[in-house]
Amino acid sequence: MSSALTDLFPYPVVQAPMAGGVSVPALAAAVSEAGGLGFLAAGYKTADGMYQEIKQLRSLTARPFGVNLFLPQPETADRAAVDVYAHQLAGEAAWYETEPGDPDSGRDDGFEPKLAVLLDHPVPVVSFHFGVPAREVVDALHRAGTFVLVTATTPDEARAVEAAGADAVVVQGVEAGGHQGTHRDNPETDRAGIGLLALVAQCREAVALPLVAAGGLMRGAQIAAVLAAGASAAQLGTAFLATPESGAHDLHKRALTNPLFVRTELTRAFSGRPARGLVNRFLREHGPYAPAAYPEVHHLTAPLRRAAAKAGDAQGMALWAGQGHRMVRELPAGQLVEVLAAELAAAGTALSRFAGGTGR
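So, here's what we can say about the structure. Treat the numbers as computed from the prediction; the structure is a model and nothing was measured.

A closer look at the overall build of the chain
(1) Moving on: Secondary structure summary: the chain contains 15 helices and 11 strands in total.
(2) Moving on: Computed over C-alpha atoms, the radius of gyration of the chain comes to 20 Å, within 12% of the 21 Å expected from 2.2 N^0.38 for 360 residues, which places it in the range of a compact globule.
(3) Moving on: Projected onto its principal axes, the C-alpha coordinates of the chain cover approximately 65 × 45 × 40 Å.
(4) Moving on: Relative to its 360 residues, the chain shows a buried fraction of 56%.
(5) Moving on: Here the analysis covers contacts within the chain between residues at least 6 apart in sequence; of these, 69% occur between residues at least 24 apart.
(6) Moving on: As displayed, the chain offers around 14700 Å² of accessible surface, 53% of which is attributable to carbon and sulfur atoms.
(7) Moving on: Considering the chain, the positive charge centre built from 29 side chains and the negative charge centre built from 36 side chains are found 6 Å apart.

If you want it as structure tokens, here you go:
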């Protein structure tokens, strides 16, 4: 990675921006203070809400951090399919004694006002999910002194990121928890995700940009593996989900290692876009029928998910998690960064012994 960016954080550990109240200022500050790169998630927040969190984070640390934005989505949803799904969710609404949300509650996630805040009050790093920002957006952020990262899930998407002038690609493997950052929501490719190590290698040959590898990473040895494959840093989300600084609901934190939840699966059940979460009742019952309709389905299910959390029912919540969820460690975020760095160093030492021909 360009030295200008790696100079921002001593360890190649990036805390993934997890929307929905998980990536709070306390978490980002703890990661940045420990030598990683903490991130705030602006998704599903207002521009002012994002700005208030930035101010709070700056009161907690003077170290660099990032902010993640969701790009506006095109209107591609089949409204009839959304209406059918809303009807299917009637039983959930009755069970939780609430009403489904309005699918027409907005589709741009307040992108322009948030961008305006970030240009008026620049932050060190901004990343984008669900597409590629226009070249003029990237150029404006560069003029403000901000490094720009964009998620890609295929080599072709990585090329599009490079063409837009971004500084680095967040290469997201299919193992990752939460939403896949595909640039186009194509249901025909739902089961065509690429594993992280293969994706890093392919993107390394496709673009000259630095790569930040994301997807299922939970240990320092795994970070060493993606660095050896060609990445310059690793982004971890689920690993930080169970930390005390995380804003995740306690039910969500406990579910990561609860034997009731034995696996993860990509689903459209909660948002209408492919996202990886722990398989629970809601996912099993509604996942097969959820349409490709983001953010309409997200708006529909939001009140139901909130009601489930309020009722203490993890079976009705969106329990986003990567494939390595069983490996979570309930450590303070700063300590977790230090442990990951120590594991990375140990893995590097082991590799150097083999490279030197000792074998042990």
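Still to come is the rest of the account.
Topic: the packing of helix H8 (residues 155–163) against helix H9 (residues 196–206)
(1) Moving on: Put simply, H8 and H9 touch, their axes get as near as 9 Å, and they point 45° apart. Our classification of the angle between H8 and H9 gives oblique. Crossing angle aside, the handedness with which H8 passes H9 is right-handed. Here Pro-155, Ala-158, Arg-159 and Glu-162 of H8 come into contact with H9, specifically with Leu-199, Gln-202, Cys-203 and Ala-206.

A short note on the sheet that holds strand E4 (residues 125–129)
(1) Moving on: An order of E1-E9-E8-E6-E5-E4-E3-E2 is seen for the eight strands of this open sheet, with the pairing classed as parallel. What marks the edges here is a single partner per strand, and that holds for strand E1 (13–15) and strand E2 (38–41). Across the sheet, the mean angle from the axis of one strand to that of its neighbour is 25°, orientation sign disregarded.
(2) Moving on: Where E1 meets strand E9 (residues 233–236), three bridges bridge the pair, whose relative direction is parallel. Bridge pairing in E9 places Val-14 opposite Gln-235.
(3) Moving on: Sitting on the sheet, helix H3 (residues 47–60) touches E2 and strand E3 (65–70), and the angle it makes with E3 is about 170°.

Quick word on H8
(1) Moving on: Among the residues of H8, Pro-155, Glu-157, Ala-158 and Val-161 are the ones counted as buried. Looking straight down H8, one finds its buried side chains confined to an arc of 155°; they lie on one side. Residues Asp-156 and Ala-163 are exposed on H8 and point more than 90 degrees away from its buried face.
(2) Moving on: On its buried face, H8 sits against strand E5 (147–152), strand E6 (168–172) and H9.
(3) Moving on: Directly beyond the C-terminal end of H8, a positive phi value near 90° is found at Gly-165.

Some remarks on the pattern of salt bridges
(1) Moving on: Taken as a whole and assessed by the stated rule, the structure comprises 13 salt bridges.
(2) Moving on: Between Asp-109 and Lys-114 there is a salt bridge whose closest N-O contact spans 3.0 Å.
(3) Moving on: On the basis of relative accessible area, Lys-114 is assigned to the buried category, the value being 1%.
(4) Moving on: Here Asp-190 ties to Arg-268 by a salt bridge, and the two come within 2.8 Å at their closest N and O atoms. Taken together, the residues Asp-190 in the loop between strand E7 (178–179) and H9 and Arg-268 in the loop between strand E10 (264–267) and strand E11 (275–278) connect sequence positions 78 residues apart.
(5) Moving on: Here the residues in one salt-bridge network are Arg-79, Asp-83 and Asp-104, joined through shared partners.

Some remarks on the environment of Val-150
(1) Moving on: Tracing the sequence through the fold places Val-150 in strand E5.
(2) Moving on: You can call Val-150 buried: its relative accessible area is 1%.
(3) Moving on: Each C-alpha atom, one on Val-150 and one on Asn-68, is 9.3 Å from the other, the two residues being 82 residues apart in sequence.
(4) Moving on: Leave out the neighbours within four places in its chain, and Val-150 touches Phe-128, Gly-131, Val-132, Pro-133, Val-161, Ala-166, Ala-168, Val-169 and Val-170.

Details of H9
Each α-helix winds once per 3.6 residues, and so residues spaced three or four apart point in a common direction.
(1) Moving on: Residues of H9 that are buried: Leu-196, Leu-199, Val-200, Cys-203 and Ala-206. Down the axis of H9, the buried side of the element spans an arc of 130°, and every buried residue falls inside it.
(2) Moving on: If you follow the buried residues of H9, they end up packed against E5, H8, E6, strand E8 (211–214) and helix H10 (220–229).

Section: the environment of Ala-318
(1) Moving on: Along the chain, Ala-318 turns up in the loop between helix H14 (296–310) and helix H15 (333–355).
(2) Moving on: Judged by its relative accessible area of 13%, Ala-318 falls in the buried class.
(3) Moving on: Placed 12 residues apart in sequence, Ala-318 and Arg-306 show a C-alpha to C-alpha distance of 9.6 Å.

Re the pairing of E4
(1) Moving on: The buried fraction of E4 amounts to five of the five residues, a majority that puts the element mostly inside the structure.
(2) Moving on: Burial along E4 is two-sided: Val-125, Ser-127 and His-129 and Val-126 and Phe-128, pointing in opposite directions, are all buried.
(3) Moving on: Of the pairings in the sheet, the one linking E3 to E4 comprises five bridges and is parallel in character. Directly across from Phe-70, in E4, lies its bridge partner His-129.
(4) Moving on: As defined by bridge partners, E4 adjoins E5 across four bridges and the pair is classed as parallel. Within E5, the position partnered with Phe-128 by the bridge is Val-150.
(5) Moving on: One crossover worth recording links E4 to the parallel E5 by way of helix H7 (residues 135–143), and it is right-handed.

Conventions and cut-offs
Residues numbered from 1 in each chain as written. Predicted model: local features only at pLDDT ≥ 70, side-chain atom pairs only at ≥ 80, totals over all residues. Heavy atoms only, no water. Helix = DSSP H or I, 4+ residues; strand = E, 2+ residues; numbered from the N terminus. Rg over C-alpha atoms; globule rule 2.2 N^0.38 Å. Buried < 20%, exposed > 50% of the residue type's maximum accessible area, 1.4 Å probe, protein only. Contact = heavy atoms within 4.5 Å. Areas by Shrake-Rupley, 256 points an atom, 1.4 Å probe, with all protein chains shown as cover. Lys, Arg positive; Asp, Glu negative; His and termini not counted. Charge placed at Lys NZ, Arg CZ, Asp CG, Glu CD. Axes fitted to C-alpha atoms, helices over the stretch in contact; angles between N-to-C directions. Parallel < 35°, antiparallel > 145°, perpendicular 65-115°, else oblique. Left-handed = near helix turned anticlockwise from the far one by under 90°. Pairing = 2+ DSSP bridges. Arc of directions from axis to C-beta. Salt bridge = Lys/Arg side-chain N within 4 Å of Asp/Glu carboxyl O. Right-handed = clockwise from strand over helix to strand, strands pointing away.

These figures capture arrangement, not role.
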